Structures are given as C-alpha cells and as structure tokens.
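# Structural description and commentary
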Amino acid sequence: MVDRKSFLQSGHKGSLLSAFLYFDVSFMLWVLLGPLAVLIANDYGLNAAQKANLVALPALGGSVLRLVLGYLTDRIGAKKTGILGMLLTVVPLLYGWKLASSLNDMYFVALMLGIAGASFAAALPLASRWYPPQYQGLALGIAGAGNSGTIFSTLFANRLAQHYGDWHLVFGLALIPLAVVFLIFLFTAKDSPTQPAPLKLADYGRVLRQKDTWLFCFFYMVTFGGFSGMANYLTIFFNTEYKLSAVTAADFATICIIAGSLFRPIGGYLSDRMGGIKMLMLLYGVIGVMLAAVSMLPALWLTTALLFVAMMGMGMGNGAVFQLVPQRFSHEVGIITGIVGAAGGLGGFFLPKILGTLKLTTGSFTPGFLVLSVIALSCIVVIAAVQGKWKRTWVGEGGKVQATGALDSVGTV
C-alpha cells in the first residue's frame, strides 16, 4: 500500500498538479470537435466521410506532434515544452472562433488541435521525473487521469453552442480554462533537477528495428486508438443512427467515455495480479465481442451498454499494454513510450475513417463495427503466437532472464 505522506514528500506537488491540469485541459480541447461535429455538419452539409475526417484529424495531428513535443521535452525541458504547447493551442481556438467559415478551415482547426493531443509528451515526464521508481506508477497514474478531460467536451460543448446559438463561440470560451491552466502551470510547474540525457535518432532506430516495438504499437492502436477514436466519433454515431439531438447524442457518448477514462488504472492493477498477457487477451476478446454485437445496431439502450463495456475494455487495455511495456523494454522505456503513444494516436485517426467511409459506401454502420471487431480479435491471435517467446526471453530486474511462465504473475518482475 502506498504511503501517501511519503509519496507527497518524495516529489514536487506543484509539478504533479500542473501536469494533471495541463493534460486534462488538453484532452478536453483535443476532442472538442467530436461533439461539435454534429452542429458543424449541419451547417456545412457534410456527408459521413467528411464528418469522419473532421473528427479524425485531431488524432492524426496528435500522433505526429507527440514525437515533436517529445523531442522538445528532451532538449528544452517539460515545462518550456508545455508552455509552448499551450500557447500554440491558442491558434486553432482563435481560428475556429473568429476566422473559420468553411470545411477546409475546420480541417485546419482539427489538425492543429493535435497540439493539445500531443500534451502526453510533456505532461507525463514533468510529473514522473520528480518521483523515485517505487512511485513512478502512481505519479503517472495521477497525471494520466487527465484523459478525463474528454468528458467536459461531450458534456458542455454542445450545451454551450445551443445556449449561445453559435458553435464558433465554444472555441472562444475554451480559451478561458486554457488560460487558467496556463497561469497555474507557469507559476507552479518546475522541471526536475535530474533530467535524462537527450535521446538520439540512433536510439529510436535501434528500438524501431525490433519486431516487438511494432506489436506494442498495434496493440495500443486498438486500445488507446479505440478509446480516443470512439470519444471523437460516438456523438456522430448516436446522432446519425438513433436520430438523437446534438446535446443528447453527446450525453450518450459521455456515458461510454466515462468507462474508458476511469477503468485505465484498473487494467494496470488487474494485470499486476493475473498477468499482462492473460489480461490483454481477455480484454481484446471482450472488445471484439462487444463491437460485433454493436454491429447489429440493436436498441439504443443496448447499444449504449455494449459500447460502455467495449470502452471499459479499451481503457483497461491501455493500462495493461503499459504494464507489459517496461518488462520487454526495461532499458528503453522512455523511447518506447513515445513511439507506442504516437501509434495510439494514429489508431484514433483510423477508427473514425473506417466507420465513416464504410457508412458512406454501404449506407450502414454494421460493416465498420465488424471490421473493428475483427481487428480487436486478431490481437488475441497475435499474442497467442508470440507469448511463448516472450515468456522465454523477456528480462526482469537486474537484466536476468525470467523463467518460463514468470509473466503469468506480473508484479514479481
């Protein structure tokens, strides 16, 4: 059990709070177009593919820019990178508020909101570098809880747009919480005095040459990519399929997003007890079955329940993936975290594209959800194929090769 007093004294409380708030407001802004897409689509007469593009581009921008912000964090520090990230996030908010008047303008806003999605790269190191190894998980868990910011967008964005009669104004109103967090961050965040040596391109090349890097990227594209992609797309889905109003559709999306946000730490916790490999195989099975059931497009209440469980599985899967990563890459955790995290963002780009494109070409959401189900279930096949080698070759503390089966009781590593 964690000693709360010891934990608080071991690091820097101001930086931990700043990291959480920066992550929280950034996630809120990153998915802002998800709920607003219904209103924007009504104004611009968008088809299913165009709506999918609009909510997919922030994920693409976040995936690419996460590597950029990660590079800057290594070179100039997490605090300066976070400050720069928040200042640059002002650009798409101002543009969406005052200048956007066409779909192409909104595509620009969407891509630039990826800056907020890249906040991982600065927020998590800002928090974790202050804490000793025994508290790294807790520090990252607290900072990472900022993904709950997605809930604020789905709950309030369309309500504000409806109240003021203008969805453009929501981008302007979003500047207020950003400004508040910026000031708190400016005066309370502080870089740890113990900074790791900057990474070289050769370090990334060495990791990218390993097959397991790409496997973890694939797994995280399904879990985190599934969560972030659904967070952006579910309002469109509920509005299109069940004819709900923009506000009500966003409320139903919020119910599902809560599951993905809150259950991530539980995934890591359970992985410690039953083993990350078993946990991931179970979760991919749950996700795959739930999405296959959603593809039948049942009654609204049942679809919501199925998506709630699927999103819960994705959230827990995020924790399970990163419970395994340090075991395979015990000496390259920083590098692999950035690469896998970027891949997760890319998954959030492809999910809306799959659902939107297949909806446009077939007239139904059924094929899209079936494709997503097959992708999730294929992860089980991949893990089953490689787990034997993993258990024989992965190393634990001190560089000692673990005995076969050791990973079935993760937490002893």
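These lines cover the structure that appears in this document, whether it is placed above or below.

## Section: helix α2 (residues 13–30)
- For α2, built from 18 residues, the straight-helix expectation of 26 Å at 1.5 Å per residue is met to within 8% by its first-to-last C-alpha distance of 25 Å.
- Most of α2 sits inside the fold, with 13 of its 18 residues counted as buried.

## Comments concerning the packing of helix α4 (residues 48–76) against helix α14 (residues 211–242)
- Between α4 and α14, the shortest axis-to-axis distance is 8 Å and the interhelical angle comes to 155°. With respect to each other, α4 and α14 are oriented roughly antiparallel. Classified by chirality, the crossing of α14 by α4 is right-handed. Contacts between α4 and α14 involve K51, A52 and V55 from the first element and N232, Y233, I236 and T240 from the second.
- Grouping the constituent residues of the contact of α4 with α14 by class yields 4 nonpolar, 2 polar and 1 charged.

## Side note on the pattern of salt bridges
- With the rule as written, the count across this model stands at 3 salt bridges.
- D251 is the salt-bridge partner of R159, the closest N and O atoms lying 2.7 Å from each other. Residue R159 is located in helix α10 (residues 149–164), and its partner D251 is located in helix α15 (residues 246–262); the two are separated by 92 residues in the primary sequence.
- Owing to a relative accessible area of 36%, R159 belongs among the partly exposed residues under this scheme.
- In this structure D251 comes out as partly exposed when scored by relative accessible area, which is 22%.
- Where R328 meets D212, a salt bridge forms, and the shortest distance between an N and an O atom there is 2.6 Å. Of this pair, R328 sits in helix α18 (residues 300–328) while D212 sits in helix α14, and the two are 116 residues apart along the sequence.

## Focus: the packing of helix α16 (residues 264–274) against helix α17 (residues 276–294)
- Running from N to C, α16 and α17 cross one another at 125°; their axes reach a closest spacing of 7 Å. One element, α16, and the other, α17, form an angle in the oblique class. Listed contacts from α17 to G267, L270, S271 and M274 of α16 are G276, K278, M279 and L282.
- Taken together, the residues of the contact of α16 with α17 break down into 4 nonpolar, 3 polar and 1 charged.

Conventions used here
Residues numbered from 1 in each chain as written. Predicted model: local features only at pLDDT ≥ 70, side-chain atom pairs only at ≥ 80, totals over all residues. Heavy atoms only, no water. Helix = DSSP H or I, 4+ residues; strand = E, 2+ residues; numbered from the N terminus. Expected span 1.5 Å × (residues − 1). Buried < 20%, exposed > 50% of the residue type's maximum accessible area, 1.4 Å probe, protein only. Axes fitted to C-alpha atoms, helices over the stretch in contact; angles between N-to-C directions. Parallel < 35°, antiparallel > 145°, perpendicular 65-115°, else oblique. Left-handed = near helix turned anticlockwise from the far one by under 90°. Contact = heavy atoms within 4.5 Å. Nonpolar A, V, L, I, M, F, W, Y, C, P; charged D, E, K, R; others polar. Salt bridge = Lys/Arg side-chain N within 4 Å of Asp/Glu carboxyl O.

Keep in mind that these numbers describe shape and distance, not what the molecule does.
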